[in-house]
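Each chain is listed here by its residues.
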Amino acid sequence: MSNLEIGILSFPALLLMIFLRVPIGLAMFITGYVGYWIVTGDTRMPMARLKSAAYSTFASESLAVVPMFLLMGYFATIGGMSRALFKAAEAFVGHRKGGVGIAAVASCAGFGSICGSSLATAATMGRVALPELKQFGYHGGIATALLAAGGTLGILIPPSIVLVIYAILAEQNIAKLFLAAFAPGVLAAIGYMIVISIYVRLYPERAGIGERVPWGDRVRLLIRIWPVILVFLAVVGGIYGGVFTPTEGAAIGALGTGLIALANGGLNLRTMLDSFTSTARSTAMIFFIVFGAAFYNSFLALTQVPQTLSEWVGSLGIPPIAVLVLILAIYLVLGCVMDSLSMILLTIPIFFPMMMALDFGMSDEHVAIWFGILVLIVVETGLITPPVGMNLFIINAMDRTTPMLETYKAVAWFVLSDLIRVGILVAFPAITLFLIP
């Protein structure tokens, strides 16, 4: 059996372990280790690779962004920023049809601008907005679905942990990827708001209307969200302006949100320790997946699978746009059974060389950035796609009275919005790239 055949056979072996509920990081590590052993025929080779892979993976300064962005999100939560965002948005649009739901999506977008995690955004805004939605008569299905969809904005609107991982894998500039994600992120939020507006007009009995808030109170509530604006401008603006690196920006953001939480009375010794502990746990989980993927991908490189596949696709003569659509369709299918980070780590080393070998009439950097944003969007869609949409489970668990089937039915509207957005961005790459110098 050739090395290429061994590499190809590793895919069904890996998927089998995933279906048997072996943790994805461990499954990729085991597959890579055993594959390395079989290809080299020497037990010392995978052990030597284990030693070097551990250092080369975790010595990357760029990975320091991950715990800093996670900590920033935890500090923002205990600092009351999530509730301030929702109340401010609700004050302006809550009295309109679908207004409370639109306010929930808007607050998810705002919180996503200071939290790079979709799951954290969904969980945080779910605790804040779900009781309000139920209070104003929102049906459980649409209430849970719109919060699950809104939570996905956490990884699309900069900063984004998944986008950082993609930048490391594809060796791209993190700041430029953040800049490219901004317009699609705004487009996503607008698309979700349109879906809510259409839904409440088709099913008016499933959504109530909030109370009209006097203008004086609106202004006071708007002033309370200044910390979010300040942190966003300091972190993202500083990165774009070249004042500091993304790693430095993440550290400054964590410090800033921590100080704001301290000033608001939310940060004390207990909550600080809880934030550090939660950050450490989440970081350990992410880093182990990154390590497992690094080991597995080094095995694939040894078998020449990515290079052979990219050469084979290039020789078929298929239009580049058709290859792109096929890859995005594969991501949508994988999103039904895998989480976002695992998909990125598992597939980018294979699909990225294919994309770079095709001619889209753009520079290599623009193709890499455009592809990264498209992948991020379809991965984001996977977070709300049944049967394993992680955001759906997180939000639905907060509302035990709503059957999961009702959430599945309502979220289909938001999935359709995502698919339309993907089509627009595939057809018009300039929407993604117009801010890139």
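In case you missed it, the structure is sitting above this.
Throughout what follows, the structure given in this document is the object of discussion. (Residues numbered from 1 in each chain as written. Predicted model: local features only at pLDDT ≥ 70, side-chain atom pairs only at ≥ 80, totals over all residues. Heavy atoms only, no water.)

## A few points about the side chain of Thr31
Inspection of the secondary structure puts Thr31 in helix α2 (residues 24–40). Classification of Thr31 as buried rests on a relative accessible area of 7%. In terms of polar contacts, Thr31 uses its side chain to reach the backbone carbonyl oxygen of Ala27, at 2.8 Å. Beyond its immediate chain neighbours, meaning those up to four positions away, Thr31 contacts Ser10, Leu14, Met17, Tyr296 and Phe299. (Helix = DSSP H or I, 4+ residues; strand = E, 2+ residues; numbered from the N terminus. Buried < 20%, exposed > 50% of the residue type's maximum accessible area, 1.4 Å probe, protein only. Polar contact = N/O pair within 3.5 Å; in protein donor to acceptor, adjacent residues only side chain to side chain. Contact = heavy atoms within 4.5 Å.)

## Thoughts on unusual backbone geometry
For the peptide bond that leads from Pro158 to Pro159, omega is 0°, which places it in the cis range. Its place among the elements puts Pro159 in the loop between α9 (153–156) and α10 (161–170). With a phi close to 55°, Glu171 is a non-glycine residue in the positive phi region. Checked against the element boundaries, Glu171 lands in the loop between α10 and α11 (174–202).

## Considerations on the environment of Ala280
Note on placement: Ala280 falls in helix α15 (residues 269–303). Ala280 sits 47 residues away from Ile327 along the chain, and the two C-alpha atoms are 34 Å apart.

## Let's talk about the packing of α11 against helix α21 (residues 404–427)
Relative to each other, α11 and α21 sit at 140°, their axes nearing to 9 Å. Here α11 lies oblique to α21, going by the angle between them. In the packing of α11 onto α21, the handedness of the crossing is right-handed. From α11, Pro184, Leu187, Ala188, Gly191, Tyr192, Val195, Ile196, Ile198, Tyr199 and Leu202 reach across to α21, where they touch Trp413, Phe414, Ser417, Asp418, Arg421 and Leu425. A breakdown of the residues in the contact of α11 with α21 according to their chemical character gives 12 nonpolar, two polar and two charged. (Axes fitted to C-alpha atoms, helices over the stretch in contact; angles between N-to-C directions. Parallel < 35°, antiparallel > 145°, perpendicular 65-115°, else oblique. Left-handed = near helix turned anticlockwise from the far one by under 90°. Nonpolar A, V, L, I, M, F, W, Y, C, P; charged D, E, K, R; others polar.)

Nothing here speaks to function; it is all geometry.
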